[in-house]
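Commentary on secondary and tertiary structure
Here are the chains, one letter per residue:
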Amino acid sequence: MSVFTDETRERAREIIARYPADRSRSALLPLLHLVQSEEGYVSPAGVAFCAEVLGLNKAQVGAVATFYTMYKRRPTGDYLVSVCTNTMCNVLGGQEVYDTLAEHLGVGHDETTADGKITLEHAECLAACDYGPVMTVNYDFFDGVDPQTARGVVDELRAGGRPMPTRGARLCTLKEMAVQLAGFADEREGAVADGGPGEPTLRGLRLAQEHGISVPGFDPNTPIRSKAEADKAAAEAKARSEAAKPAPAKAAPAPSGNGTRPATGTGEPAPAAEAAGSTTRDVKAPDAKSPEVRTAETRQPDAATAVPDAPGTKVPVDGAPPAPRDAQEAEAAGAAANAPAGDGKPAGDEAGAQQRNLKEAEAGAGGAGSAVASETGVQK
């Protein structure tokens, strides 16, 4: 098992401190990037480390690590080359780019070259359709690539160079990128000095400037307030709003049984419907359809479908629910009629087990024992 460095452990404590004490589990995603920055992938030792510092079990950590493709479960090269082969890039030649690199490097999807420099993968989408076909190197973009330019990029990487991406900062290794994804700054000299936005991205901004379109009251120099300052400002705004509200008008008091108005302790007549907070009588909604009927009519309306709220329209409603015993008999009959396929079981459990479970559930109904009876029936 790998032993993580003291620096990694210190950074792990710093990541966990970003979150409330009762929400430390939220630190799992950056922690997975952190362990990947040390080993180049999320190893079993990395899973155990995250579980240890967060008080989780390894299955919980592994479930997250296997869900997201940015967490690699096997040793990965210094440079992760991802080629988009989804619809737009594919039409523009993305698959040809990928096939060329696979043949040139002698590896397939999610495989690493023998020198450990490059891991190749095809990506479903890199969210840059207006720059297609695109590929990324450690998540930095190379736009409008073709087979020749893609080969040139990987050859330069294998020779020890770091070609400049079309957009973004200068390249770094996958481990260095993982440190940034964990929430730490890139400490390399001039790491973010290069790069720039792409022309399609700037097109919308230029159109807005040409036509004088802007967000009302937008000031790019407005400082970002801290949470405490924002909460204080919100509380003050709420207090001003409450103070500006007009005093509620008193409603006419309801007459008492002898025709006189009931009085309050202060000699003033009591407002009507004070307990309800409203002087308006309750009115039943005109559309009293059940959710099931509403859904069915929405999906398949026909000439017989009632028009909501139409005067004199008879709105269809659900009939009386079937008796519990009828439902149980229908369920048991359906399971019994479901013949096994080959040597497999029917879709439902055999009828005897169902009846036993139902009886045990009924015996425990009406109290806490019902949940226990259901659980016991399932275990049997």
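Preceding this section is the structure that the text describes.
None of the values given here were measured: they were computed from a predicted structure. (Residues numbered from 1 in each chain as written. Predicted model: local features only at pLDDT ≥ 70, side-chain atom pairs only at ≥ 80, totals over all residues. Heavy atoms only, no water.)

The final tally for this structure, using the stated rule, is ten salt bridges. Taking the shortest distance from any N to any O, the salt bridge between K72 and E121 comes out at 3.2 Å. Placement of K72 in the loop between α4 (58–65) and β1 (79–84) and of E121 in strand β3 (residues 118–123) is noted, with a sequence separation of 49 residues between them. When sorted by exposure, K72 lands in the same class as E121, which is buried. One salt bridge in this structure joins D143 and R167, with 2.8 Å as the shortest N-O distance. With D143 in the loop between β5 (140–142) and α7 (147–158) and R167 in the loop between α7 and α8 (174–181), the pair connects residues that are 24 residues apart, well separated along the chain. Comparing D143 with R167 shows no difference in burial state: the two are buried. (Salt bridge = Lys/Arg side-chain N within 4 Å of Asp/Glu carboxyl O. Helix = DSSP H or I, 4+ residues; strand = E, 2+ residues; numbered from the N terminus. Buried < 20%, exposed > 50% of the residue type's maximum accessible area, 1.4 Å probe, protein only.)

What follows deals with the side chain of R11. By the secondary structure assignment, R11 is in helix α1 (residues 6–16). Overall, the relative accessible area of 17% leaves R11 in the buried class. Setting aside residues up to four positions removed in sequence, R11 forms contacts with L34, V179, F184 and E187. (Contact = heavy atoms within 4.5 Å.)

Turning next to the packing of aromatic side chains. Tallied over the entire structure, the rule returns three aromatic pairs. Ring geometry for Y68 and Y71: centres 6.1 Å apart, planes at 90°, overall edge-to-face. Judged by relative accessible area, which is 6%, Y71 ranks as buried. Every member of this aromatic cluster is reached through a ring pair, and the members are F67, Y68 and Y71. The cationic tip of R167 hangs over the ring face of Y131; the distance from NZ or CZ to the ring centre is 3.9 Å. (Phe/Tyr/Trp six-rings, centres within 6.5 Å; stacked < 30°, edge-to-face > 60°. Lys NZ or Arg CZ within 6 Å of the ring centre and 35° of its normal.)

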